[in-house]
Amino acid sequence: MTIRKTILDKGSDILNVYCTAGYPKLDNTGTILKSLSSQGVDLIELGMPYSDPLADGETIQRSSQIALQNGLTLDILFGQVKEAREHTSTPIIAMGYYNQMLQYGVERFLSRSHDSGIQGLIIPDLPMDIYERDYQHLFVKYNMEISFLITPLTSDERIHQADKLSTAFIYVVSQTSITGKQGVISIAQKKYFERIESMNLVSPRLIGFGIHDRMTYNQACKYSHGAIVGSAFIRSLDVENVEGSIETFVNGLR
Amino acid sequence: MTTNNKYAVSPEGYYGDFGGSYIPEMLYANIENLRKVYIEISQEPTFQEEFQVLLRDYVGRPSPLYLSKKLSQKHGAKIYLKREDLNHTGAHKINNTIGQILLAQRLGKQRIIAETGAGQHGVATATVCALMGLKCIVYMGEVDIARQAPNVARMRMLGAEVRPATSGSKTLKDATNEAIRDWINNAEDTHYIIGSAIGPHPYPDMVTRFQSVISEEIKYQLKEKTGNENPDYVVACVGGGSNAAGAFYHFLDHESTQLILAEAAGEGIGSGRSAATSILGTKGVIHGCKTLLMQTSDGQIVEPHSVSAGLDYPGIGPLHAHLIDIGRATVHPATDEEAIQAMLYLSREEGIIPALETAHALAILDKMTFNPKDTVVLCLSGRGDKDLNTIMNYLDQQ
Ligand SMILES: Cc1ncc(COP(=O)(O)O)c(C=O)c1O
């Protein structure tokens with residue numbers, strides 16, 4: 001099933017958990033995908049570790065660095081996803097940076113992503129206009145969904161552009177910040193969520209960045225189709241007991 | 001600030017295939033706003049007036065164009081040094097920070113951030129922030145904090161906060177990552193003064209324009225001294241490429257002036273410890289622009305090495321990537337060792353202690369052959385006080 005249909009069918013309280021491929025151990029990727037799936041997570045955002053992740057805070061930077069030290073490459077990652085796909089059908093949206101896709105070869109990257117069972121991509125530093133001009137047709141060709149980010153500073157015009165171009169969901173960045181913040185959701189943020197909600201966008205919306213516990217998850221769900229939890233999940237992973245720590249974490253959220 | 005045509009940035013921010021703006025949405029509003037206003041604001045008469053007065057009375061411009069007899073003799077050509085080392089704060093970096101602080105004021109920003117490698121850009125930013133009364137935070141790699149300690153002290157003296165970047169190779173690339181992350185977290189009240197001709201459009205063009213005063217002066221100074229405003233060669237070192245861009249700018253369209261870049265080969269091109277981007281780099285995206293960068297086949301950025309903190313960067317400005325690509329500029333690498341020897345030479349023969357970055361430009365003169373009638377202008381981008389510890393350690397080991 002597509003990412004979009006998965007969200008629309010359930011309609012609310014979507015839980016999308018971010019994990020970094022190849023972390024904490026190189027071959028944990030498959031275990032994590034399978035346990036998130038068996039815990040009933042609706043979507044999985046799979047981080048493609050990058051040496052210089054500009055939009056990420058310390059937690060995801062560190063997990064990415066360790067994954068790369070563990071020897072993770074894109075080819076290994078695609079292999080891990082393909083293997084996990086034999087056991088799980090939870091939709092996967094991969095998150096990576098534009099340079100990874102560019103250097104791997106965009107068409108090859110999309111084709112390998114598709115073949116391995118990845119349904120969508122988030123490339124935070126790929127501008128919408130470049131996507132539309134150069135890559136949209138390839139995403140269509142390889143059946144690859146895409147999500148664009150919006151922030152409290154994004155103009156209405158650009159929000160509509162993101163709505164039009166996103167084929168998975170709109171990634172509503174909860175505040176102008178990098179990933180990993182751990183505060184409560186402020187009144188200004190709620191107003192922003194309400195503003196977006198009232199725009200009657202076509203694409204479903206998931207709120208991410210700073211969603212780290214049951215309270216922030218529930219609040220995010222109130223204003224959108226669901227939420228994305230990343231850094232908090234990475235912090236919760238116990239190397240000694242990966243599956244157990246995932247069960248505890250997901251149960252703690254809902 | 002006249003613009004040239006053939007090599008000017010396109011409206012979308014490209015130099016040929018290079019440049020553009022590849023940034024997360026969190027920075028879009030800031031970059032878009034800058035793109036819309038940077039030319040208009042910097043061409044306003046009140047801006048120009050303030051900029052020119054500060055360059056003259058505060059920075060000490062024009063910087064002299066000095067005919068080096070020793071270098072001329074050694075290399076068999078007329079070699080002029082453009083003395084950016086004599087600017088206030090000791091390098092070309094201040095030309096850009098003066099321009100950008102005036103812009104930041106007009107944008108109503110209260111907080112300034114910067115990245116720095118050698119510390120010269122950090123000092124130049126801390127200086128203009130002190131002058132204008134703006135809060136200043138400078139990101140600097142831990143390795144660079146150690147090897148450029150005098151500049152760290154200067155920044156603190158000037159009231160700036162120096163924040164260590166502890167990821168990656170703990171050098172300029174990582175300091176730039178941290179500065180960009182800070183900007184994402186403080187997008188509304190903060191202006192990011194990038195210190196080189198890198199970053200998303202409009203930064204490379206904006207920095208180049210502010211630095212173009214270097215070649216503007218070279219032109220009339222050379223005319224006064226030789227009767228001809230165009231040299232045969234302009235030579236500059238390249239980290240991100242701001243001093244080179246400034247020194248080249250007004251000669252770009254004068255095709256018979258050869259543009260020569262010196263890049264840092266570190267311990268040697270094939271040593272695995274190098275920053276020779278034009279040779280080791282391939283096309284990719286770093287810090288918001290498409291350019292040449294050192295990377296793996298998986299697109300992971302490779303940690304560079306150079307003895308010179310200002311050249312210890314795995315990318316190169318998009319203007320230079322383009323000039324190299326189309327053959328308008330030529331690059332020669334210089335190793336750590338060659339740069340140190342060139343630094344010692346200029347110190348002992350001319351009584352000028354150049355920065356280690358600049359020493360790379362001096363070192364490549366040995367790799368070029370000149371005609372006795374040739375006029376060469378070398379951009380002496382900065383002074384070497386900050387590098388004395390590095391050199392003393394080197395001499396002690398000899
Ligand atoms: C004296 C000096 N020259 C050159 C550079 C290299 O930078 P760019 O290539 O932007 O001129 C630096 C950077 O720190 C510097 O301090």
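Residues numbered from 1 in each chain as written. Chains lettered and ligands numbered in written order. Predicted model: local features only at pLDDT ≥ 70, side-chain atom pairs only at ≥ 80, totals over all residues. Heavy atoms only, no water.

1. Comments concerning the overall build of chain A
Logical step 1: Within chain A, the secondary structure is distributed over 12 helices and 9 strands.
Logical step 2: At 17 Å, chain A has a C-alpha radius of gyration in line with the 18 Å of a compact globule built from 254 residues.
Logical step 3: With the C-alpha coordinates aligned to their principal axes, the bounding extent of chain A is approximately 45 × 40 × 35 Å.
Logical step 4: Per-residue burial over chain A gives 62% buried out of 254 residues.
Logical step 5: A sequence separation of at least 24 residues applies to 75% of the contacts in chain A between residues at least 6 apart.
Logical step 6: Counting every atom, chain A has about 9500 Å² of accessible surface; 49% of that belongs to carbon and sulfur. (Helix = DSSP H or I, 4+ residues; strand = E, 2+ residues; numbered from the N terminus. Rg over C-alpha atoms; globule rule 2.2 N^0.38 Å. Buried < 20%, exposed > 50% of the residue type's maximum accessible area, 1.4 Å probe, protein only. Contact = heavy atoms within 4.5 Å. Areas by Shrake-Rupley, 256 points an atom, 1.4 Å probe, with all protein chains shown as cover.)

2. Focus on the interface of chain A and chain B
Logical step 1: Contacts between the two partners involve 34 residues from chain A, matched on the other side by 33 residues from chain B.
Logical step 2: Summed over both partners, the interface of chain A with chain B buries about 2800 Å², with 53% contributed by carbon and sulfur atoms.
Logical step 3: Area buried by chain A at its contact with chain B is led by A:Leu54, A:Gln103 and A:Leu153, which between them contribute 23% of it.
Logical step 4: Summed over the shared surface of chain A and chain B, the result is 2 salt bridges.
Logical step 5: Ionic pairing is found between A:Arg158 and B:Glu25, a salt bridge with its closest N-O pair at 2.7 Å.
Logical step 6: Elements that contribute at least two residues to the side of chain A that touches chain B include exactly helix H3 (58–69), helix H5 (98–104), helix H7 (128–141) and strand E6 (149–150) of chain A.
Logical step 7: A class-by-class count of the residues in the side of chain A that touches chain B yields 19 nonpolar, 10 polar and 5 charged. (Buried area = accessible area lost by both parts, 1.4 Å probe. Salt bridge = Lys/Arg side-chain N within 4 Å of Asp/Glu carboxyl O. Nonpolar A, V, L, I, M, F, W, Y, C, P; charged D, E, K, R; others polar.)

3. Looking at the packing of aromatic side chains
Logical step 1: Scanning all chains against the criterion turns up 20 aromatic pairs over all chains.
Logical step 2: Considering the side-chain rings of A:Tyr171 and A:Phe209, the 5.8 Å spacing of their centres and the 90° angle between planes classify their relative orientation as edge-to-face. With a gap of 38 residues between them, A:Tyr171 in strand E7 (residues 170–173) and A:Phe209 in the loop between strand E8 (205–208) and helix H10 (214–223) connect regions that are remote in the sequence. Summarising the burial analysis for this pair, A:Tyr171 and A:Phe209 share the class buried.
Logical step 3: Seen from their ring centres, B:Phe51 and B:Phe210 are 5.4 Å apart, and the 55° between their planes marks the pair as tilted. Here B:Phe210 lies in helix H9 (residues 203–211) and B:Phe51 lies in helix H2 (residues 45–59), a separation of 159 residues in the sequence.
Logical step 4: The class for B:Phe51 is buried, based on a relative accessible area of 2%.
Logical step 5: One cation-aromatic arrangement involves A:Arg108 over A:Tyr104; the distance from NZ or CZ to the ring centre is 3.8 Å.
Logical step 6: Taking the ring centre of B:Phe18 as reference, the NZ or CZ of B:Lys283 above it sits at 5.4 Å. (Phe/Tyr/Trp six-rings, centres within 6.5 Å; stacked < 30°, edge-to-face > 60°. Lys NZ or Arg CZ within 6 Å of the ring centre and 35° of its normal.)

4. As for the side chain of A:Thr6
Logical step 1: Position of A:Thr6 relative to the elements: it lies in helix H1 (residues 3–10).
Logical step 2: What makes A:Thr6 buried here is its relative accessible area of 12%.

5. Things to note about the site of the ligand
Residues and elements named next belong to chain B.
Logical step 1: In the vicinity of the ligand, 19 residues are found, and the nearest of them are Ser196, Gly239, Gly241, Ser242 and Ser381.
Logical step 2: With respect to the ligand, the backbone of Gly240 contributes an N or O atom lying 3.3 Å from an oxygen atom.
Logical step 3: At a separation of 2.7 Å, an oxygen atom of the ligand approaches a polar backbone atom of Gly241.
Logical step 4: Considering the ligand on its own, with 390 Å² of exposed area, one finds that the protein chains cover 98% of that surface.
Logical step 5: Placement of the ligand is best described as lying within the largest cavity.
Logical step 6: The set of elements that each furnish at least two residues to the shell around the ligand consists of helix H11 (242–248) and helix H15 (356–363).
Logical step 7: The residue inventory of the shell around the ligand, partitioned by class, reads 5 nonpolar, 12 polar and 2 charged. (Near = heavy atom within 4 Å. Polar contact = N/O pair within 3.5 Å; in protein donor to acceptor, adjacent residues only side chain to side chain. 1 Å grid on protein atoms, 1.4 Å probe; cavity = no way out; pocket = protein on both sides within 12 Å on 5 of 7 lines; lining within 4 Å. Sits in = over half its atoms within 2 Å of the grid points.)

6. Some thoughts on empty space enclosed by the protein
Residues and elements named next belong to chain B.
Logical step 1: Counted by the stated rule, this structure contains 9 cavities of 30 Å³ or more.
Logical step 2: In this structure, the largest cavity encloses a volume near 300 Å³.
Logical step 3: At the level of secondary structure, the elements contributing two or more residues to the lining of the largest cavity comprise strand E5 (111–116), helix H5 (120–132), helix H8 (172–185), H11 and H15.
Logical step 4: Within the lining of the largest cavity, the residues separate by chemical class into 8 nonpolar, 18 polar and 3 charged. (Points joined across faces, edges and corners; volume = space filled by probe spheres on them.)

7. Some words on the pairing of E7(A)
Residues and elements named next belong to chain A.
Logical step 1: Where burial is concerned, the two faces of E7 agree: the one with Ile170 and Val172 and the one with Tyr171 and Val173 are both buried.
Logical step 2: As defined by bridge partners, E6 adjoins E7 across 2 bridges and the pair is classed as parallel. Of the residues in E7, the one forming a bridge with Leu149 is Tyr171.
Logical step 3: In terms of handedness, the path from E6 via helix H8 (residues 156–165) over to E7 forms a crossover that is right-handed.
Logical step 4: By the bridge criterion, 4 bridges tie E7 to E8 in an arrangement that is parallel. Considered in E8, the bridge of Ile170 is made with Arg205.
Logical step 5: Following the chain from E7 across helix H9 (residues 187–197) to the adjacent parallel E8, one finds a crossover that is right-handed. (Pairing = 2+ DSSP bridges. Right-handed = clockwise from strand over helix to strand, strands pointing away.)

8. Observations concerning the nonpolar core
Logical step 1: By size, the foremost hydrophobic cluster in this structure holds 108 residues, and its most contacted members are A:Phe169 and B:Ile101.
Logical step 2: Setting aside chain neighbours within four positions, we find B:Ile101 in contact with B:Ile112, B:Val128, B:Cys129, B:Met132, B:Leu134 and B:Ile193. (Core = buried A, V, L, I, M, F, W, Y, C linked by side-chain atoms within 4.5 Å.)

9. Points about helix H4 (residues 74–84) of chain A
All names here are of chain A.
Logical step 1: Among all positions of H4, only Leu74, Leu77, Phe78, Gln80, Val81 and Ala84 are buried. Looking straight down H4, one finds that the buried residues subtend no more than 160° of arc, so they occupy a single side.
Logical step 2: In this structure, the buried residues of H4 make contact with helix H2 (28–38), strand E2 (43–47), strand E3 (92–95), H5 and helix H6 (106–116). (Arc of directions from axis to C-beta.)

10. Some remarks on the sheet that holds strand E6 (residues 135–141) of chain B
All names here are of chain B.
Logical step 1: Ordered by their spatial adjacency, 4 strands build an open sheet running E7-E6-E5-E8, and the pairing between neighbours is parallel. Sheet topology places strand E7 (161–165) and strand E8 (190–192) at the edges, where each strand pairs with a single neighbour. Strand-to-strand twist across the sheet, computed as the mean angle between neighbouring axes with direction ignored, equals 25°.
Logical step 2: Two elements, E5 and E8, share 3 bridges in a ladder whose sense is parallel. Residue pairing across strands places Ile112 opposite His191, the latter belonging to E8.
Logical step 3: On top of the sheet, H8 reaches E5, E6, E7 and E8; it is set at about 160° to E5, its chief contact. (Axes fitted to C-alpha atoms, helices over the stretch in contact; angles between N-to-C directions.)

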